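# Breakdown of the fold
Now for the letters of each chain:
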Amino acid sequence: MTAATTRRTAGPPLAVPDHEVLVIGAGFGGIGAAIKLKQAGIRDFLVVEQAGDIGGTWRDNTYPGVAVDVSSFTYSFSFEMNPEWSRAYAPGTELKAYADHCVAKYGLRPHIRLNTRMVSGEFDPVNHLWRGTTADGEVITSRYVVGAPGVLTQPKLPDIPGVADFAGPTLHTARWDHGIDLDGKRVAVIGTGATSVQLVPAIADRVRSLAVYQRTPIWVAPKPDLEIPAPMRMLFRTVPGAQKSLRAATTALTETFMTLGIVHNRQLPLLVKGIEALCSAHLRRQVPDPELRAKLTPRYGFGCKRPSFSNEYFRTFTRPHVELVTDGIERVTATGVVTRDGRHREIDVLILATGFKVFEKGNTPAYPLYGLSGRELGQWWDENRYQAYQGTTVPGFPNLFLISGPYGFTGGSYFQLIENQVRHFLRCLENARRTGATWIEVSEQAHQRYFDYVQRRQPDTVFYSNNCAASNSYYFDKHGDSPILRPSSAMEAWWDSRTFALSDYEFKRSGFGVRPVRTRRLAEGVGA
């Protein structure tokens, strides 16, 4: 590995930022970044969160049936395994409790500012710092920014005429209102993605009637979800290595599917075909009616959309008060939903299980970020395709590091992504500290090399060889790319985060030998 040289340039005194690192978002991405910053001895950091609590996805998603869809043992930090999971696939409340536990154990509360929404950010090339503006008009400066807002944060509303005209309660699954009573009500659910797979069975017993509006069916595999008995939880607490071994097994199983089935689908199509056969058999067992079964059978390949698992979803549609509606929706009225066949179904509650904005302008990033020469990140991506070196940095945006950048996620577990991206950032930051640099920017050549590598690998993935055009998947952006997934193994991403050449970055310092000028300090005491 060749370390990049630091270019010393004479210049005016640098203004001292309010914080060395500003972390945007207090979901698991921000929490993981904060933990690793503290462990690296970096105490001058601030985590800002737009909501009134931490937890991100697991704070916002509290709909009935919400649970993790990756094994709980894999869906957690490798350095902070939780021996108290109640099930192999933990319910959402336990994920939120795990987030609270991590914040408390690692002493992060003094570093976190809640109810602080960022509305813009601009890099100052003279002082080598970022100026972030909050919704209250406050300006927070930082040498570095770690963007960890997550991608599943902004609910996506359906483009259906009249949705706003419905007179009864309307719920989006990501903004669930527990004050609305579903018992005995006529309920409509629009959407049949991964969220609906969890929601529909969870509310079916409570409602008078349930109409589920499906645009595209979804592959659903059996869910190997078991209760974890107390003796096993005791074993995890008391026997060193017990839970680590189980985590290794579940991670290896997930990685085998993701790498061989998704990333190398063109070379090994039989693996995904086998999973499709498993899902089809699961559907046949639960739905004896061939007409209903045909409606629930996807016409695209497994993996094109987010994989889903349930032991109850298909069976729910065989109940007399539950209806699967596959006719397109023409409009929503004040009292119900009209489909294109002219039928009007009256309802009391409308539920939108329509997912999130992901890689689209206005969500990634969620507010304007201006780098060098006035380049705005969201607009640049929208015009030039989503791309980032190792999924974390973009040329023209010095000192900005992303957790959920394009082509960063390997697909096994979000926590693997977090740990890899934070490790990448800390390697850069520690090199800057060693050399006195205050500017870290990935080179155009390294960035292009990684993007070329991604494009060479993409045709092998399931997204380009399994009829995914019919899936209506949020995995794809307007360019036809699938920037959510890095087409490599988790092991490769892990290795790259440890060994990427620091010479892929330019490290610069300015004002050498001149005492810095301190800017106005905001949020005194934070970062102690």
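These notes cover the structure that comes with them. Because the structure is predicted, anything quoted here is derived from the model rather than measured.

The subject of this paragraph is the sheet that holds strand β11 (residues 209-213). Spatial strand order, β9-β18-β10-β11-β14: five strands in an open sheet with parallel pairing. Sheet topology places β9 (170-172) and β14 (322-325) at the edges, where each strand pairs with a single neighbour. Going from strand to strand, the sheet's axes swing by 20° on average, the running direction of each strand aside. Two strands pair when backbone bridges link them, and β11 and β14 are joined in this way by four bridges, in the parallel orientation. Across the sheet, residue L210 finds its bridge partner in β14, namely V322.

Turning our attention to the pairing of strand β16 (residues 336-339). In the sheet, strand β15 (residues 329-332) pairs with β16 via three bridges, with the strands oriented antiparallel. The residue bridging R331 from the neighbouring strand is V338, located in β16. Direction of pairing for β16 relative to strand β17 (residues 344-346): antiparallel, over a ladder of three bridges. Paired with V337 across the strands is R345, a residue of β17. Between β16 and the antiparallel strand that follows it, β17, lie four residues; G342 among them carries a positive phi value of about 90°.

This next bit is on helix α7 (residues 269-286). Helix length check: α7 (18 residues) gives 26 Å between terminal C-alpha atoms against 26 Å at 1.5 Å per residue, within 8%. Residues of α7 that are buried include every one of V272, I275, E276, C279, A281, H282, L283 and Q286, and no others. On its buried face, α7 is in contact with β12 (220-221), α6 (242-263), α8 (290-295) and α9 (313-316).

Moving on, we get to the pattern of salt bridges. Evaluated as defined, the whole model comprises 29 salt bridges. For K96, the salt bridge is made with D53, and the minimal N-O distance between the two is 3.0 Å. Of this pair, K96 sits in helix α3 (residues 92-105) while D53 is found in the loop between β4 (45-48) and α2 (57-60), placing the two residues 43 residues apart along the sequence. By relative accessible area, K96 is classed as buried at 14%. Judged by its relative accessible area of 27%, D53 falls in the partly exposed class. Salt-bridge contacts for D69 lead to R306; the nearest nitrogen and oxygen are separated by 2.8 Å. With a gap of 237 residues between them, D69 in the loop between α2 and α3 and R306 in the loop between α8 and β13 (308-309) connect regions that are remote in the sequence. Classification of R306 as partly exposed rests on a relative accessible area of 28%.

Moving on to unusual backbone geometry. Here the bond from T364 into P365 is cis, since omega is 0°, no more than 30 degrees from zero. Among the structural elements, P365 can be located in the loop between β18 (349-352) and β19 (369-370). Phi angles above zero are rare outside glycine, and N115 is one such case at about 55°. Inspection of the secondary structure assignment puts N115 in the loop between β5 (112-113) and β6 (118-124). Overall, N115 belongs to the exposed group, its relative accessible area being 55%. The backbone phi angle of S373 is positive, close to 55°, even though this residue is not glycine. Structurally, S373 is set in the loop between β19 and α10 (377-384).

Conventions adopted
- Residues numbered from 1 in each chain as written.
- Predicted model: local features only at pLDDT ≥ 70, side-chain atom pairs only at ≥ 80, totals over all residues.
- Heavy atoms only, no water.
- Pairing = 2+ DSSP bridges.
- Helix = DSSP H or I, 4+ residues; strand = E, 2+ residues; numbered from the N terminus.
- Axes fitted to C-alpha atoms, helices over the stretch in contact; angles between N-to-C directions.
- Expected span 1.5 Å × (residues − 1).
- Buried < 20%, exposed > 50% of the residue type's maximum accessible area, 1.4 Å probe, protein only.
- Contact = heavy atoms within 4.5 Å.
- Salt bridge = Lys/Arg side-chain N within 4 Å of Asp/Glu carboxyl O.

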